Amino acid sequence: MRTITSSSGQEEAVNVRRTESADAQGINGLISPEAGAVFGRVNVIHLLEKANLAVTLANEREEILAHASFFDHPVGDLVDQTRWEAFLQKHFSAETCTPLNTLFLHFFVAETDFATASAKEIIRAVFNAVAELEYILLLSPYAGVLEEALEEVFDPLQRLTDLQCSAFICHREEHCPKLLIRPARVEDHDDLMRIFVDQTKVLSVMEQPYFLAELIQEQNEENHCAVCESDGLPVGFISVTSDVDLKQLHDNFDLSELDGLYKLDQITNADPPPESREDPEKPKTNPQEETQLTEAGKSAPSLFLSEETRLPADSEHVINESAADSDSHVDFCIITVPTLSPEFLLLQSFIRLPPCSTNTSPPREIYVFQRSGLRSVEVRPAVAADRPAVSELVKTLSLRESLLQDLDRFYETRRDTDGEEMPSSRLVRIQLSGFSSLTDTPADGVPLQAFVSTVQSEVVGILIIRDEQVEAVYSLTSSTWCARYNMESFIYFSHHRLEEHAHILHFVLAPSFQHCCRHLFKESLRLGHKSCLFHRLYPHHISPQNSCVHHLDVLLDCAVPVRPRRQIVFPLEELGINAPSLQIREEQAPFALSLISRKLTLEPKVTVNARIVLVGASDTGLSFLEVLCFCPHLRFNSLTLVSTHGLLSDFDHEDIGFLSTSHAYSSRDLSRLPLHSCVSVVSGKMVAINRKSKHVLVSGGVTVPYDHLVLCTGLQYQAPLPAEVNQPESNLQLPSNLFTLNDLHDCMAARRWLSANFVELEDNAIVYGNSIDVFTTVETLLSLGILGNRIHVVFTPPEPGVSCFSDPEVEKAVATALKKAEVQVHHHCLLALMNNGENPDPLTSVTFTTDAETLNLQCGVFINLSNKAVDSEAFRSINDSFLVFDSRLVIDATFHTSDSSISAAGPLTKFSRSYYSDEWSNANFNSKEVGRDLAAMLLRLFDPTLEPAMETPPETERLVPLYGQAKIQGGKLPGGFHFLQVTTPSATNLTAPPVQQDSCLVTGRVETGNYFSLHLDSYEQVEALTCLSLKPLPLSNYLSLYGKQQQLLGQLSSRYQQGLIPDLHRQSWCLAVYHDRFSDFEQELQQITSNTGDVSGQTVEDDVSPVLLQDRSPAAEVRAAVRSSAVRYLSFNRNLLPMFAGPGQL
């Protein structure tokens, strides 16, 4: 917070922040006639959508005192936004103003008393926020009189012609002058120590009170110290040395992008470079010239500190003055920082180099700045003469041919006539929808645009974009974008024209200038008349990669990930012509979507370099990663997943079978998450944890270092151990025809083996266990063509009070289906012997003990689904590292184990006995919800936007967290039944008396394959539902019913009692409830009803009945407000809910 003073002497503590959409109403209240005379008529929401930088000044009460919006082009239609530079130089004396160092003020409003102080504070903040900014111009076609506050900060721009317009300029040095960089002196010691004490926590340094003085005094040719000075007072210090251990850098980091920190000297008749330095991936030089690699000059800051309020705008100035100029031969400036250190602002101008591999990830990050990066970067449309330079730029990239082909198309026709492949049936459907003219087909192609980044006329980057316009005609209209992805989190689609959207085809930028990538995107948006750029990342198993992006990390650092939306499954037969458009309903290849908009081009992210290692690709673990990857303002550089079989996004439960599913993540869901681009995957099992060295040892000898380790391995079925076997499981040789199924990889391997080695034979298949997975496995075996009489289901003794199905009707239906298929069922059995104790491979016979006589079965394949517990390797890793393990890994209420740097969640864990809550654990709850809470706990360490955690009251510090989302289980059961079971979380080992039975609504019968059972709790909310159907279930629809009050479902309970609901499967009126934003509507309704008698702030729609408007009783006002809210909800979501009549349609 800073303090400003009004014209009357009143002081106010204020905060300068980026403007939010919610500020629009407050900004509108500040608009004065004087502002309109200078800036013209303004639509505030539209302005905020298109502004490159919008800044709001608010006081402690969040009251808006001032606002300013800045663009990269002048106000109004004074000149086309792509040509303002030539226009400015023609009419004004402004030769030094360039797109890189100039912004234009489009709007400024403020409270009258604080106008001048607010204008100065905003201008100061903007210059601090945008490092390369030198000038702010006010260039407007409206020749209004500038208000007094702006006259204080702007000077008239010197004119060269008699052009009638407003023209003013604001210079950086008048509000935020550059720091003076000078050699450090011993006299600076006391001032520097004041800064140092505030920032350092290194005890070994603090114990040496005069180390700074000694460091400054011992300067020589290899060691230099510089001070950053402002108003005669040191505000920063940097110490650099040319003593760099290049070998250590090569051993730990990938330096190939910068030629290994060597430089290429063009010489004649020189010897070839040493073989040790040759790299087949390096660019090849002209055969008429020979290249010798020589060591480049390097300097490395050994110490850097600053007052953060002063340095942001001067980072490159600091680099240039303190490092490069200290030694004329210096080509690189290198900084290494601990991985747990926040990325300070100076590093935003540096390039982060990745470690050589996850296995060698050091505890420090390396940042490099190349001297050439100090040169100014220009962006312009590509011309044919750039083709050789672009070819040279991309010659080492594998997808260079695809980029060059699209560049040639741009040169020849400015259009992409190929585009993305579309099935012919899709084109037919489009023509039937009314698109018949040639311009509506892809025959004339999609408009292309290409832009190059140049430095002193040398091409250092290229961006090729393709309009979304024609693609939108076929599949991705604006309403379709919004229907599939949560675009409204970042932009209001209605304020962006269709032709302002474009898709990134190719992006390449030389490493030395990757810190300028935001400028490349900002300028491309301006020059291309675009407002949004999209990047779609398809999984490799769905679409071959033909988009040349180098590097993807650089692009994603400028973009925000867009979260996919839950889709409604529409009953098309019931809806008929009232169904949503074909474009919305049609299945598209899934992809992860990222967005770059104008207002994001000047918004840097917070970089997190902490090495976060997750062990286990369970539902809990994937949910944890999902939250981290979708943080729009954070960029996690070191997320690693250790999983037995990697990230299984290529397979789906429905296609492979065998195991039941929680419906948490399908392969389609995973394909729409940015996991592949944000997470490094290490395939293998965790076999050891070294807490002292902070690394995980993975099978195969891979070592994965960590700063924060998260264990989410879950529970797995364990290999069966016959009663007579005494040797440990790790030494047990398992038969080749015994399969223990734990994930989709195991299921796929079993399916392939069965198809190749078993289906055509006559041997028995034995399924051993006692869970719902036994039944889904039997159905898979039957679907493979294995006769029921060859399948033996051997149930282990059940746990007391535990049943596979909570509904006896389902249990009865499955038993009937097994009997009809002639599947042999055996109860209360324990495995006693394999192959009579002889050679176990292959397994030909098994013996079980039962309550009666011994059971002997011949065996062709044995599928084990028994004894779900902690994996043996995971247990040994946890136990040997001395983490507390009490049948499960012990954690506290914040997921911490006995080691503060190791967290855990999911069924692997249990709460400490000190909580006295043995009946509750993470296993009792929805795994996705637990994973999200785990991520929220970790984000408190890295997210500066989060409020500090409140201190836990003593009376609640021993309470375990409880969650409210449903436990979900589903799969395909014998008889061809599609099964779904949704239940409320409940404690285990309950000793309390049974609760009174809640009301139950049942329609259909299991015999007819349309069974639906829905339970309401004492508050008439849906607490459980069970579906058994011969038809595929609309899963997302049914899952959204959980927790809904029956009144929201159209008075479901009373209508059921009246016999008006014959089939719960057919309820198209519930589609509004199935919508993913219905929960927001629910909250709005709760707010309205809770404020009974105070609905004056609610906007009432025109379609509300005049009778309701005339009745001014509190109840009538609430009804009118509720009706109005419902109309707004249906109108705003019209693209997905066209089956509901809107205002004026009845």
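Description of the structure in this document. Computed from a predicted model, the values in this text were never measured in an experiment.

For the rest of this paragraph, the subject is the nonpolar core. Within the largest apolar cluster, 61 residues are counted, with the highest numbers of intra-cluster contacts made by Phe624, Leu628, Phe636, Leu675, Leu709 and Leu711. Residues contacting Leu709, with those up to four places away along its chain left out, are Val613, Val615, Ile689, Val696, Ser901, Ile902 and Ser903. Counting 49 residues, the second largest nonpolar core, distinct from the first, contains Leu47, Leu53, Val109 and Ala119.

Attention now moves to the packing of aromatic side chains. Summed over the entire model, instances satisfying the criterion amount to 23 aromatic pairs. A centroid spacing of 4.9 Å and a plane angle of 80 degrees characterise the contact between Trp84 and Phe104, whose relative ring orientation is edge-to-face. Of the two residues, Trp84 is situated in helix 4 (residues 84–91) and Phe104 in strand 5 (residues 102–110); the sequence distance between them amounts to 20 residues. For the pair shown, Trp84 and Phe104 are each scored as buried. Between Phe636 and Phe942, the ring centres sit 6.2 Å apart and the planes meet at 90 degrees, which makes this aromatic pair edge-to-face. Taken together, the residues span a long stretch of sequence, with Phe636 in strand 29 (residues 634–636) and Phe942 in the loop between helix 29 (927–939) and strand 49 (967–973) at a distance of 306 residues. Each member of the pair, Phe636 as well as Phe942, carries the same accessibility label: buried. Put simply, the rings of Phe775, Phe795, Phe805 and Phe979 pair up and form one aromatic cluster. Positioned over the ring face of Phe410 is Arg414, at 4.1 Å from the centre of the ring. The ring of Phe591 is capped by Arg536, whose NZ or CZ atom sits 5.5 Å from the centre of that ring.

All right, on to empty space enclosed by the protein then. For the coordinates displayed, the defined rule picks out seven cavities of 30 Å³ or more. What lines the largest cavity is a set of 20 residues, among which Pro561, Cys629, Arg635, Pro674 and Cys678 lie closest to the centre. For the lining of the largest cavity, the secondary structure elements donating two or more residues are strand 23 (532–537), strand 25 (560–562), strand 26 (592–597), helix 21 (619–629), strand 29 and helix 24 (675–678). Tallied by class, residues from the lining of the largest cavity come to 15 nonpolar, three polar and two charged.

Here we take up the sheet that holds strand 28 (residues 612–615). Pairing is parallel across the open sheet formed by five strands, whose spatial order is 31-30-28-35-47. Every interior strand has two partners, whereas the edge strands, strand 31 (679–683) and strand 47 (902–904), have only one. Pairwise comparison of adjacent strand axes, ignoring direction, gives a mean angle of 20 degrees for this sheet. For strand 28 and strand 30 (residues 639–643), the ladder comprises four bridges, and the chain directions are parallel. Within strand 30, the position partnered with Val613 by the bridge is Thr640.

Turning to the sheet that holds strand 39 (residues 791–795), a few remarks are in order. In any sheet, the strands associate via hydrogen bonds between backbone groups, in a parallel or an antiparallel arrangement. Within the open sheet, the five strands sit side by side as 37-44-38-39-40. Their pairing is parallel. Single-partner strands in this sheet number two, and they are strand 37 (738–740) and strand 40 (824–826). Recorded for the sheet is a direction-independent mean angle of 15 degrees between the axes of neighbouring strands. Bridge count for strand 39 against strand 40 is three bridges, and the pairing is parallel. The partner of His792 across the bridge, within strand 40, is Gln824. Sheet strands in contact with helix 26 (residues 772–783) are strand 38 (765–769), strand 39 and strand 44 (861–865), and its direction is about 175 degrees off that of strand 39.

One can describe the packing of helix 21 onto helix 29 by two numbers: an axis separation of 7 Å at closest approach and a directional angle of 45 degrees. One element, helix 21, and the other, helix 29, form an angle in the oblique class. Between helix 21 and helix 29 lies a crossing of right-handed hand. For the pair helix 21 and helix 29, the contacting residues are Asp619, Thr620, Ser623, Phe624, Glu626, Val627 and Leu628 in the first and Ser927, Lys928, Val930, Gly931, Arg932, Leu934, Ala935, Leu938 and Leu939 in the second. Across the contact of helix 21 with helix 29, the residue classes break down as eight nonpolar, four polar and four charged.

Glancing now at the pattern of salt bridges. With the rule as written, the count across this model stands at 41 salt bridges. Lys50 serves as the salt-bridge partner of Glu500, at 3.2 Å between the closest nitrogen and oxygen. Here the residue Glu500 occupies a position in the loop between helix 16 (478–484) and strand 22 (501–509), and Lys50 occupies one in helix 3 (residues 44–50), the gap between them amounting to 450 residues. Like Glu500, the residue Lys50 is buried in the burial classification. Residues Asp899 and Arg691 are paired through a salt bridge, measuring 2.9 Å at the closest nitrogen-oxygen approach. One end of the pair, Asp899, is in the loop between strand 46 (889–891) and strand 47; the other, Arg691, is in the loop between strand 32 (686–690) and strand 33 (695–698), and 208 residues separate them in sequence. Salt bridges sharing partners connect three or more residues here, namely Lys50, Arg497, Glu499 and Glu500.

Another aspect to go through is a negative patch on the surface. On the surface, Glu221, Glu222, Asp243 and Asp245 cluster together into a negatively charged patch. Tracing the backbone shows Glu222 in the loop between helix 9 (211–217) and strand 10 (223–230). When its relative accessible area of 45% is taken as the criterion, Glu222 is described as partly exposed.

Okay, the pairing of strand 35 (residues 708–711) next. Going residue by residue along strand 35, you find His708 and Val710 tucked away on one face and Leu709 and Leu711 tucked away on the opposite face as well. In this sheet, strand 35 lies alongside strand 28 in parallel orientation, the contact comprising four bridges. Bridged to Ile612 within strand 35 is His708. Strand direction decides the pairing type here: strand 35 and strand 47, joined by three bridges, are parallel. Each bridged residue has a counterpart across the sheet, and for Val710 the counterpart in strand 47 is Ser903.

So, about helix 33 (residues 1078–1090). Spanning 13 residues, helix 33 covers 18 Å between terminal C-alpha atoms, matching the ideal 18 Å at 1.5 Å per step. If you check which residues of helix 33 are buried, you get Phe1078, Phe1081, Glu1082, Leu1085 and Ile1088. Angularly, the buried residues of helix 33 cover 125 degrees about the axis, an arc narrow enough to put them on a single face. The outward face of helix 33, more than 90 degrees from its buried face, is lined by the exposed residues Gln1083, Gln1086 and Ser1090.

What counts, and at which threshold
All residue numbers refer to positions counted from 1 along the written sequence of the respective chain. pLDDT decides what is reported in this predicted model: residues at 70 or higher carry local features, side-chain atom pairs at 80 or more are listed and counted, and totals for whole chains, interfaces and linings draw on all residues regardless. Excluding hydrogens and water, the side-chain values take into account all heavy atoms of the structure. Note on terminology: a nonpolar core comprises buried Ala, Val, Leu, Ile, Met, Phe, Trp, Tyr and Cys residues joined through side-chain atoms within 4.5 Å. Each residue gets one of three labels from its accessible area relative to the maximum for its type: buried under 20%, exposed over 50%, partly exposed in between, using a 1.4 Å probe on protein chains only. Contacts are assigned to residue pairs with any non-hydrogen atoms lying within 4.5 Å of each other. Pairing of aromatic side chains here covers Phe, Tyr and the six-membered ring of Trp, requires ring centres within 6.5 Å, and sorts the geometry by plane angle: under 30 degrees stacked, over 60 edge-to-face, intermediate tilted. Strands are runs of DSSP state E lasting at least two residues, helices are runs of H or I lasting at least four, and both sets are numbered from the N terminus onward. Note on criteria: charge over ring means Lys NZ or Arg CZ within 6 Å of the ring centre, with the direction from the centre no more than 35 degrees off the ring normal. We place a 1 Å grid over just the protein atoms. Points where a 1.4 Å probe fits but has no way out form a cavity, open points with protein on both sides within 12 Å along at least 5 of 7 lines form a pocket, and any residue with an atom within 4 Å of a point lines it. Grid points are joined across faces, edges and corners, and a volume is the space filled by probe spheres set on the points. When residue character is reported, Ala, Val, Leu, Ile, Met, Phe, Trp, Tyr, Cys and Pro are called nonpolar, Asp, Glu, Lys and Arg charged, and the others, Gly included, polar. Strand pairing is defined by DSSP finding a minimum of two bridges between the two strands. Here, axes are lines fitted to C-alpha atoms. For helices the fit covers the stretch in contact, and angles between N-to-C directions go from 0 to 180 degrees. What sets the label is the angle itself: under 35 degrees gives roughly parallel, over 145 gives roughly antiparallel, 65 to 115 gives roughly perpendicular, and the rest give oblique. When the near helix sits turned anticlockwise from the far one by under a right angle, the crossing is termed left-handed; a clockwise turn instead gives a right-handed crossing. Note on definitions: salt bridges are taken to be side-chain nitrogens of Lys or Arg within 4 Å of carboxyl oxygens of Asp or Glu. Only residues whose relative accessible area exceeds 30% and that take part in no salt bridge are eligible for patches, with like-charged residues grouped when within 9 Å of each other and nonpolar side chains (Val, Leu, Ile, Met, Phe, Trp, Tyr) grouped when within 5 Å. Under the convention used here, a 1.4 Å probe and the Shrake-Rupley method define accessible areas, while residue burial counts only the protein chains that appear. Only four residue types enter the charge count, namely Lys and Arg as positive and Asp and Glu as negative; His and the chain termini do not. Taken as the charge location is NZ of Lys, CZ of Arg, CG of Asp or CD of Glu. The length a helix should cover is 1.5 Å for every residue beyond the first. In this description, the arc belongs to the directions extending from the helix axis to the C-beta atoms.

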